[in-house]
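# What the coordinates show
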Amino acid sequence: MIPKRDEALALVHEYTGSPGLRRHMLAVEAAMRAYARKYGEDEERWGIAGLLHDFDYERWPNNDHAADSEHPSTGVAILRDMGVDEDILETILAHADYTGVEATSLMSKTLRAVDELTGFITACALVRPTRLDGMKTRSVRKKMKDKAFAAALSREEMAENCGQLGEDMGEHIAFVIAAMQLAAEDLGLNGPAAG
């Protein structure tokens, strides 16, 4: 079973209070849907996997990186009880490397490739007066060279995940920017910064 989008969004709102984390899941959903279209895959399945990948993170953050408890295992258990399809559950488990679940499917490799990158692009947009509007790949790459900027996001992990997907990093960045631009209003990144 694939949850309907309104059901998945209701789960996100039930378990996640943070607007920033909610917007992150929406950004990942947008990128996953765009890649599903590019690869000729099931857009709804991929989008729901992206939307739900972190819905349990706020309640069970898993700071110790336990393989079988807290995030994402607790969320996956909730989704399994709802009857969500195993390929979606496997994709969600595989996005956290400490679960021991390998990203072997195209969907799981894509989730890993867009997860951190959407966060980095969001960080870049938040320091631009026009947010996502007019954002170029070169500006994101320039920020990647600044190790102090969004320091918690691993450039090496982003590059490795992009390579495992088989995409060129520059093209991958441009593709994810374009996907996020289509969802900019929902992401709160659709125009000039206030004030």
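First, a word on scope: everything that follows refers to the structure included in this document.

What counts, and where the lines are drawn
- Residues numbered from 1 in each chain as written.
- Predicted model: local features only at pLDDT ≥ 70, side-chain atom pairs only at ≥ 80, totals over all residues.
- Heavy atoms only, no water.
- Helix = DSSP H or I, 4+ residues; strand = E, 2+ residues; numbered from the N terminus.
- Buried < 20%, exposed > 50% of the residue type's maximum accessible area, 1.4 Å probe, protein only.
- Lys, Arg positive; Asp, Glu negative; His and termini not counted.
- Salt bridge = Lys/Arg side-chain N within 4 Å of Asp/Glu carboxyl O.
- Polar contact = N/O pair within 3.5 Å; in protein donor to acceptor, adjacent residues only side chain to side chain.
- Contact = heavy atoms within 4.5 Å.

### Some remarks on the side chain of arginine 155
With respect to the helices and strands, the residue arginine 155 is situated in helix H8 (residues 155-165). For the buried arginine 155, which has no salt bridge, the nearest side chain bearing the opposite charge is aspartate 146, at an N-O separation of 5.9 Å. A polar contact is formed between the side chain of arginine 155 and the backbone oxygen of lysine 143, at a distance of 3.4 Å. A polar atom in the side chain of arginine 155 sits 2.9 Å from the backbone oxygen of leucine 153. For arginine 155, the residues in contact, after removing those within four places along its chain, are Phe120, Lys143, Met144, Asp146, Lys147, Phe149 and Ala150.

### Section: the pattern of salt bridges
Between side chains of opposite charge, a pair can form as their charged atoms come close. For the coordinates displayed, the defined rule picks out 10 salt bridges. Notably, a salt bridge pairs aspartate 87 with arginine 45, separated by 2.8 Å at the nearest N-O pair. Of the two residues, aspartate 87 is situated in helix H5 (residues 86-94) and arginine 45 in helix H3 (residues 43-52); the sequence distance between them amounts to 42 residues. Accessibility expressed as a relative area gives 32% for aspartate 87, which makes it partly exposed.

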